[in-house]
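# Chain and residue survey
Spelled out from the first residue to the last, the chains are:
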Amino acid sequence: ITIFDGEPFLSNLDIFLFSLIAGLIIYWVMFRKKAEAIPEFKKLETPAPAARESSFIEKMKKTGKNIVVFYGSQTGTGEEFANRLSKDAQRYGMKGMAADPEEYDMSELSRLKEIDNSLAIFCMATYGEGDPTDNAQDFYDWLQESDADLDGVNFTVSFSSCFFFIFVNDDGNLEEDFVSWREQFWPAVCEHFGVEATGEESSIRQYEPFDSKNPFLSPVTVNRKLNKGGDRHLMHLELDITGSKIRYESGDHVAVYPTNDSNIVNKLGEVLGVDLDTVISLNNLDEESNKKHPFPCPTTYRTALTHYLDVTSCPRTNVLYELAQYASDPKDQENMRKMASSSPEGKALYQTWVLDSSRNILAILEDLPSLRPPIDHLCELLPRLQARYYSIASSSKVHPNSIHICAVVVEYQTKTGRTNKGVATNWLKNKVPTDNGHKATVPMYIRKSQFRLPFKSSNPVIMIGPGTGIAPFMGFIQERAWLKQQGKEVGETVMYFGCRHKNEDFLYQEELEAFEKEEVLTQLNVAFSRDQEKKVYVQHLLKNNKEEVWRQIHKDNAHIYICGDARNMARDVQTVFYEIAEELGGMTHTQAVDYIKKLMTKGRYSQDVWS
């Protein structure tokens with residue numbers, strides 16, 4: 001192209017610049033198109049849909065919660081109350097969570113019915129002129145403006161999955177109002193859902209002050225003999241827990257860590273010919289194992305055998321097998337390996353020679369003179385000395401700073417003519433309080449139990465506990481007496497106790513008769529098994545009172561509690577309940593069994609038994 005003087009319209013530089021600009025424009029257009037396509041991939045960059053992140057329903061399902069407490073809080077009061085209510089749920093066999101409505105999709109309230117026995121509580125504060133708190137404003141607007149689909153979520157106690165609890169911040173005593181409301185609220189919830197409280201006042205703690213790894217050293221303040229005669233020693237001990245912050249409920253167990261009898265420990269040292277005060281450290285050969293030592297090391301053989309190792313139980317077959325190599329007599333070695341085998345002859349020999357004869361490791365070493373294992377290997381093989389558990393014989397309502405134990409000292413003759421003594425009971429027997437400044441102490445901690453009085457004190461209770469099985473019921477009776485003193489309605493409190501002779505081992509006779517006189521105990525039924533020619537046990541008294549027992553169970557919603565021997569007493573008592581249901585309830589045996597099973601499921605037939 002030429003113009004005017006025939007010069008080109010575009011120079012080479014112009015063409016270059018034009019091409020460069022055109023290329024940039026094309027590149028920009030192409031790039032912009034690619035950028036416009038990016039939204040198609042944004043879903044891949046989003047970790048999860050917003051609805052899932054804000055779903056309190058899904059969170060409840062994943063964590064096994066069935067109660068959600070929403071709070072509207074400006075100064076923290078509403079949130080504090082919500083947290084207290086969510087923790088309360090645990091006492092009633094439920095699981096709760098506190099939630100900020102601002103963080104969740106509140107339109108999901110309609111899905112609450114997807115969770116069985118679900119409940120939503122709204123703990124809402126206001127500020128200013130009754131305005132909603134900042135974190136509840138969106139929820140308030142949603143309630144006002146939307147057509148919320150809350151089918152199946154009824155806002156009354158009689159039908160549903162949702163309750164509203166509205167707080168208004170005023171100048172009154174808010175804490176007092178909250179406590180009063182709470183005391184009425186939870187019983188209504190329990191009744192509505194048909195559940196039993198596990199303990200109204202149980203302490204819900206995030207951290208345990210004392211446990212199996214960190215027992216509390218409790219001073220013994222009382223240690224007295226309970227029985228007036230006979231060849232047994234039944235005792236009542238009281239452990240002081242002042243200042244420990246330990247909390248317990250009637251029905252819980254106290255665990256104690258005993259030590260072995262020094263006579264047995266010394267004899268083991270003599271038989272094995274070792275200096276028990278030698279300092280040792282047993283190290284695990286498996287370097288990858290988390291357990292570096294079988295017990296705290298370094299220590300001495302004496303300490304290990306006294307505090308850490310079980311030297312009084314019958315050794316298991318694996319221990320006999322390992323020790324057999326140290327028997328110099330081939331016959332002893334053969335028998336030990338035979339007892340550890342699966343042959344019928346070996347099993348029979350182990351049963352008769354070890355179990356039926358109650359031979360502990362010392363008895364085995366004494367009866368097999370050729371067996372002399374190295375003490376370090378013996379310490380490696382013996383099991384750990386375990387804590388012993390006792391049903392607490394007191395109520396924390398009456399004795400908040402002490403824990404009571406009722407136990408019988410175990411002592412018996414074996415088939416070999418030896419006297420075997422229970423480790424813990426003989427150790428406890430010697431824990432006598434003194435005035436010389438030296439306190440007898442017991443390492444202990446609490447193990448929670450489901451053996452609980454009914455939440456509604458107006459429910460009748462039937463307690464069956466012969467011998468030391470009376471222990472938890474002393475706590476129950478004390479608590480019922482305390483409730484009565486507080487002006488609460490207390491239902492029938494019936495006790496079935498059994499012992500050998502009225503004048504020998506009627507445990508807590510004075511206390512029980514006083515409770516009966518004060519009408520805390522509605523009935524005190526005692527079976528003295530050996531005071532007449534034909535033995536009488538607690539199950540016989542139950543059968544004699546069958547009409548009354550059936551009325552209490554079937555019509556009055558009574559709760560049944562059994563404590564004691566599992567092998568005979570508990571089984572025989574259960575059989576009597578079957579017979580009563582068959583005879584007075586017109587049931588077949590199968591129906592009677594199902595009836596008692598349902599009582600167990602509902603928490604109305606509870607057992608604290610041992611073999």
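Each residue is numbered by its place in its chain's sequence as written, counting from 1. With pLDDT at 70 or above as the cut-off, local features in this predicted model cover only qualifying residues; side-chain atom pairs require 80 or more to be listed or tallied, and sums for whole chains, interfaces and linings still use all residues. For side-chain calculations, the full set of non-hydrogen atoms in the structure is used, while hydrogens and water are omitted.

### Section: the packing of aromatic side chains
Given two aromatic rings, one states the distance between the centres and the angle between the planes to describe the pair. The cut-off we apply is this: Stacked, tilted and edge-to-face are the three classes assigned to paired rings of Phe, Tyr and Trp, where Trp is represented by its six-membered ring and a pair needs centres within 6.5 Å; plane angles under 30 degrees give stacked, over 60 edge-to-face, the rest tilted. Every helix listed is a DSSP run of H or I at least four residues long, and every strand listed is a run of E at least two residues long, numbered separately from the N terminus. Exposed residues in this analysis have more than 50% of their type's maximum accessible area, buried residues have under 20%, and partly exposed residues fall in between, with area computed by a 1.4 Å probe over protein chains only. By definition here, charges over rings are those cases where NZ of Lys or CZ of Arg is within 6 Å of the ring centre and within 35 degrees of the ring normal.
Here the structure, examined in full by the defined rule, presents 20 aromatic pairs. Between F122 and F139 the ring centres are 5.3 Å apart and the planes differ by 10°, which places this aromatic pair in the stacked class. Here the residue F122 occupies a position in strand 5 (residues 119–124), and F139 occupies one in helix 6 (residues 137–145), the gap between them amounting to 17 residues. A residue is classified by how much of its surface remains accessible, and F122, at 0% relative accessible area, is buried. Consider the rings of F451 and F476, whose centres lie 5.6 Å apart with planes at 20°: the pair is stacked. Here the residue F451 occupies a position in the loop between strand 18 (441–447) and strand 19 (461–464), and F476 occupies one in helix 16 (residues 471–485), the gap between them amounting to 25 residues. With relative accessibility at 0%, the residue F476 sits in the buried group. We note K397 situated over the ring of W482; from NZ or CZ to the ring centre the distance is 5.9 Å. The cationic tip of R447 hangs over the ring face of Y389; the distance from NZ or CZ to the ring centre is 3.7 Å.

### Looking at the pairing of strand 15 (residues 402–408)
Counted only if it meets this: Between any two strands, pairing holds if DSSP finds at least two bridges.
Here strand 15 lies mainly inside the structure; 6 of its 7 residues are buried. Here strand 10 (residues 234–240) pairs with strand 15 via 7 bridges, running antiparallel. Pairing of E238 across the sheet is with H404, part of strand 15.

### A closer look at the environment of N223
Worth spelling out the cut-off: Pairs of N or O atoms within 3.5 Å make up the polar contacts considered here, provided that, within protein, one atom can donate a hydrogen while the other can accept it, and that residues adjacent in sequence are counted only when both atoms are side-chain atoms.
Summarising the element assignment, N223 is placed in strand 9 (residues 216–225). Among the residues examined, N223 registers a relative accessible area of 19% and is labelled buried. Taking the C-alpha atoms as reference, N223 lies 7.6 Å from K429; in sequence the two are 206 residues apart. Among the polar contacts made by the side chain of N223, one reaches the main-chain carbonyl oxygen of L428 at a distance of 3.1 Å.

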